[in-house]
Amino acid sequence: MNKRTHQSRGELRRILRCGLFAAATAFGSDAVAQTPDVVRKAPAQPRPAAQPVAPRLARRSLPVGPQPTAIDAIRMAEASLQAMRQIADYSCTLVKRERIDGRLTGNERLAIKLRHEPFSVYVNYLAPAKVRGQEAVYVHGHNDNRLLAHPNGLKGRLVGVFRLDPEGRMAMQGNRYPVTDLGIKRMAESWLKEAKHDVQFVHCTTRIIPDAKIEGRPCTCLELARHTRHDGVPYQMTRLYIDAQMQLPVRYEAYEWPAIHGEEPDLAEEYTYLNIQPNRQFSDLDFDVQNPEYEFH
């Protein structure tokens, strides 16, 4: 083998090693894997049915030029609530995680029917397996304003329907909020209330992120970060996501102040509303335990 051939093969091995190293870096690094080019080239990974795709946030904010203010974000959230006026009812899938007694739960997935007037909710738990099949109905002004619920499995067949105070211990077990706070409208109202309150007491910065994605759908993320602790400001950061096509709020995240200054904030609660089908023209039977499609009886 002559000197030129030896040098050519050596150069080929060097190129191959560099190429393999670059590929390993691209697919082994979480930070690199978030870039659009790498995401397109990487093979699709199957996800469990109960796990929504985590939102991907853009690195730039709108509007271009002057930095957005809390007022800009508040106006966008208010416009989203205006869009809700055209919606009398809807069905959807809710995926939620909450920190209960200091512990962050796994994802819970619920099928929901919701009507605004009178406020009415039907809930059917889809996951995890230990709660699958549990159902609940609440209609404001009916059933003495009680939550009608039944557990799944043998217990549900033996015990039947519970009549619960929506804010009582049994109904609130494993939940941060009562069923009366359910829905995308009240989710957006909660973010607005917190934002309007907190900007009065602490220094806040705002990001308006136009191309966040939830389950492949483009969204605008309204992020409000607080920079000073205050007794009346429980969250260090909150985010509200607005679907770009429907102009409806579809996701909310809240992060508590970290235990140690300078560390990342801790997720307190996260609610994602998927597959929203507006104006289904639900009847009273959709919120009645006598509905033959339900398992209350």
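The structure under discussion appears in the preceding block.
In short, a report on the structure. (Residues numbered from 1 in each chain as written. Predicted model: local features only at pLDDT ≥ 70, side-chain atom pairs only at ≥ 80, totals over all residues. Heavy atoms only, no water.)

### Quick notes on the side chain of Glu 223
Point 1. Looking at the secondary structure, you find Glu 223 in strand E9 (residues 217–226).
Point 2. A distance of 2.8 Å separates the side chain of Glu 223 from the side chain of Arg 239, its partner in a polar contact.
Point 3. Leave out the neighbours within four places in its chain, and Glu 223 touches Thr 205, Thr 206, Arg 207, Met 237, Thr 238 and Arg 239. (Helix = DSSP H or I, 4+ residues; strand = E, 2+ residues; numbered from the N terminus. Polar contact = N/O pair within 3.5 Å; in protein donor to acceptor, adjacent residues only side chain to side chain. Contact = heavy atoms within 4.5 Å.)

### A word on helix H4 (residues 70–83)
Point 1. Helix length check: H4, at 14 residues, gives a terminal C-alpha distance of 20 Å against a target of 20 Å (1.5 Å per residue), a fit within 8%.
Point 2. Those residues of H4 that sit buried are Ala 70, Ala 73, Ile 74, Ala 77, Ser 80 and Leu 81. Each buried residue of H4 sits inside an arc of 115 degrees when the element is viewed along its axis, so together they form one side.
Point 3. In the core, the buried residues of H4 are packed alongside helix H7 (184–198), strand E8 (204–214), E9, strand E10 (235–243) and strand E11 (249–256). (Expected span 1.5 Å × (residues − 1). Buried < 20%, exposed > 50% of the residue type's maximum accessible area, 1.4 Å probe, protein only. Arc of directions from axis to C-beta.)

### Some thoughts on the pairing of E10
Point 1. Summarising burial for E10: nine of the nine residues are buried, a large majority.
Point 2. Bridging between E10 and E11 involves seven bridges; their strand directions are antiparallel. Paired with Ile 242 across the bridge in E11 is Pro 249.
Point 3. Connecting E10 to the antiparallel partner E11 that follows it, the hairpin turn spans five residues, and Gln 247 within it adopts a positive phi of roughly 60 degrees. (Pairing = 2+ DSSP bridges.)

### A look at the packing of aromatic side chains
Point 1. For the structure shown, the criterion picks out six aromatic pairs.
Point 2. Arranged with centres 3.9 Å apart and planes meeting at 5 degrees, the rings of Tyr 122 and Tyr 294 form a pair that is stacked. Of the two residues, Tyr 122 sits in strand E4 (residues 120–127) while Tyr 294 sits in the segment after strand E12 (266–278), which places them 172 residues apart along the sequence.
Point 3. Ring centres 6.5 Å apart and planes at 20 degrees place the aromatic pair Tyr 252 and Tyr 271 in the stacked group. With Tyr 252 in strand E11 and Tyr 271 in strand E12, this pair connects stretches of sequence that are 19 residues apart. (Phe/Tyr/Trp six-rings, centres within 6.5 Å; stacked < 30°, edge-to-face > 60°.)

### Notes on unusual backbone geometry
Point 1. Here the amide bond leading from Glu 117 into Pro 118 is cis, since omega sits at -15 degrees, within 30 degrees of zero.
Point 2. Secondary-structure assignment places Pro 118 in the loop between strand E3 (108–115) and E4.
Point 3. Each neighbour pair has its own omega, and for Ala 127 with Pro 128 the value is 5 degrees, a cis peptide bond.
Point 4. A positive phi angle is found at Asp 144, which is not glycine, with a value near 55 degrees.
Point 5. The residue Asp 144 is located in the loop between strand E5 (135–139) and strand E6 (147–150) in this model.
Point 6. Residue Asp 144 is classed as exposed on the basis of its relative accessible area, which comes to 65%.

### Some words on the pattern of salt bridges
Point 1. For the coordinates displayed, the defined rule picks out 15 salt bridges.
Point 2. We note a salt bridge from Arg 251 to Glu 253, for which the minimum N-O separation is 2.8 Å. In terms of burial, Arg 251 and Glu 253 fall into one category: buried.
Point 3. Bridged by salt links that share partners, the residues Arg 97, Arg 207, Glu 223, Arg 239, Arg 251, Glu 253 and Glu 270 form one connected network. (Salt bridge = Lys/Arg side-chain N within 4 Å of Asp/Glu carboxyl O.)

### As for the environment of Val 250
Point 1. Tracing the sequence through the fold places Val 250 in strand E11.
Point 2. Assessed through its relative accessible area of 5%, Val 250 is described here as buried.
Point 3. Considering only alpha carbons, one finds Val 250 and Leu 240, 10 residues apart in sequence, at a separation of 7.7 Å.
Point 4. In this view, Val 250 contacts Met 187, Ile 214, Cys 219, Tyr 241, Asp 243, Tyr 271, Thr 272, Tyr 273 and Ile 276; residues no more than four positions away in its chain are not counted.

### A short note on the side chain of Ser 91
Point 1. Along the chain, the position of Ser 91 falls in strand E1 (residues 89–100).
Point 2. Relative accessible area serves as the criterion here: at 11%, Ser 91 is assigned to the buried category.
Point 3. Setting aside anything within four residues of it in sequence, one finds Ser 91 in contact with Ile 112, Lys 113, Asn 275, Ile 276, Gln 277, Arg 280 and Phe 282.

### So, the state of the cysteines
Point 1. Going through the model one piece at a time under the given rule, you end up with zero disulfides.
Point 2. No disulfide involves Cys 221; its sulfur sits 9.1 Å from that of Cys 219, the nearest cysteine. (Disulfide = S-S within 2.5 Å.)

### Some points on H7
Point 1. Here H7 contains 15 residues, and its C-alpha end-to-end distance of 21 Å stays within 8% of the 21 Å for a straight helix at 1.5 Å per residue.
Point 2. Listing the buried residues of H7 in full gives Ile 184, Met 187, Ala 188, Trp 191, Leu 192, Glu 194, Ala 195 and Asp 198. Viewed end-on, H7 has its buried residues packed into an arc of 165 degrees, placing them on one side of the element.

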